[in-house]
Amino acid sequence: MKIFIPKKIKETCWKFLSNHTLGNRGIADGNKKEQFVGLVGEVLTKEIFGIKHKFENGFDGGFDFKYQNKKIDVKTMSRIVDIKDHYVHNFIAFQQNYNCDVYIFNSINKKTNELTICGWVTKKELKERSIFYKKGTIRKRSDGSSFKMKADTFEIKNNMLNNIKELL
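Residues numbered from 1 in each chain as written. Predicted model: local features only at pLDDT ≥ 70, side-chain atom pairs only at ≥ 80, totals over all residues. Heavy atoms only, no water.

**Focus: the overall build of the protein**
Working step 1: Check the secondary structure of the protein and you find four helices and ten strands.
Working step 2: Secondary structure elements of the protein occur, N-terminal to C-terminal, as β-α-α-β-β-β-β-β-α-β-β-β-β-α.
Working step 3: The C-alpha radius of gyration of the protein comes to 15 Å, within 12% of the 15 Å expected for a compact globule of 168 residues.
Working step 4: Expressed as lengths along the three principal axes of its C-alpha atoms, the size of the protein is roughly 35 × 30 × 30 Å.
Working step 5: In the protein, once contacts between residues fewer than 6 apart in sequence are set aside, the share between residues at least 24 apart is 62%.
Working step 6: When the accessible area of the protein is evaluated, it comes to approximately 9500 Å², of which 51% is carbon and sulfur surface. (Helix = DSSP H or I, 4+ residues; strand = E, 2+ residues; numbered from the N terminus. Rg over C-alpha atoms; globule rule 2.2 N^0.38 Å. Contact = heavy atoms within 4.5 Å. Areas by Shrake-Rupley, 256 points an atom, 1.4 Å probe, with all protein chains shown as cover.)

Shown next, in the form of structure tokens:
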């Protein structure tokens, strides 16, 4: 499910982050740009589920919203291309202990200004379908570039996610 990102949402999110931080965990909190990507993904995902976003400072307790008695956390990454089935979504390992039932994974294409809601998994499915990498592990992308893991991380391939329509 693709959604064009309205300029107003981007401006509102950036304005909020210019005076607040969403990272209060102390580990892998993300810089302002990473927090911006996450906040835009959260706001747009809530809209799809019919939930109005309330801008609040600080740690959210491990989930972003409740829907059908499920605590849902939204995870969004930015890229310069559209998501492909073999691409992965990252999940910082220490977050697995938070009180959350479902994870929704999104991808933002910075070039087209579109958010793709890629899919979702339960906490149990995330552990079963992902691969764990220790902090410092060098990961190679399909384009030949590489990066070092900033924290212990689970990677789940995009094609391992459940269709978002099943959750809606």
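**Thoughts on the environment of Lys157**
Working step 1: In this structure, Lys157 sits in strand E10 (residues 153-157).
Working step 2: Distance from Lys157 to Asn19, taken between C-alpha atoms, is 35 Å for residues 138 residues apart in sequence.
Working step 3: Beyond its immediate chain neighbours, meaning those up to four positions away, Lys157 contacts Asp85, His86, Tyr87 and Val88.

**Here's the deal with the sheet that holds strand E5 (residues 102-109)**
Working step 1: In space, the five strands of this open sheet follow the order E1-E6-E5-E3-E2, with mixed pairing throughout. Among the strands making up the open sheet, the edge pair consists of strand E1 (2-4) and strand E2 (65-67). Taking the axes of each pair of neighbouring strands and ignoring which way they run, one obtains an average angle of 35° across the sheet.
Working step 2: Pairing geometry for strand E3 (residues 70-79) and E5, over eight bridges, is parallel. Paired with Ser78 across the bridge in E5 is Ile108.
Working step 3: Most of the contacts of helix H2 (residues 32-48) go to E3, to which it runs at about 130°, and overall it touches E1, E2, E3, E5 and strand E6 (114-122). (Pairing = 2+ DSSP bridges. Axes fitted to C-alpha atoms, helices over the stretch in contact; angles between N-to-C directions.)

**A look at helix H1 (residues 7-19)**
Working step 1: Under the 1.5 Å per step criterion, the end-to-end length of H1 is 19 Å for 13 residues, consistent within 8% with the ideal 18 Å.
Working step 2: When H1 is considered as a whole, its buried residues turn out to be Ile9, Cys13, Phe16 and Leu17. Projected down its long axis, H1 carries its buried residues within an arc of 95°, all on one side. The exposed set on the far side of H1, more than 90 degrees from its buried face, consists of Lys7, Lys8, Lys15 and Asn19.
Working step 3: In the core, the buried residues of H1 are packed alongside H2. (Expected span 1.5 Å × (residues − 1). Buried < 20%, exposed > 50% of the residue type's maximum accessible area, 1.4 Å probe, protein only. Arc of directions from axis to C-beta.)

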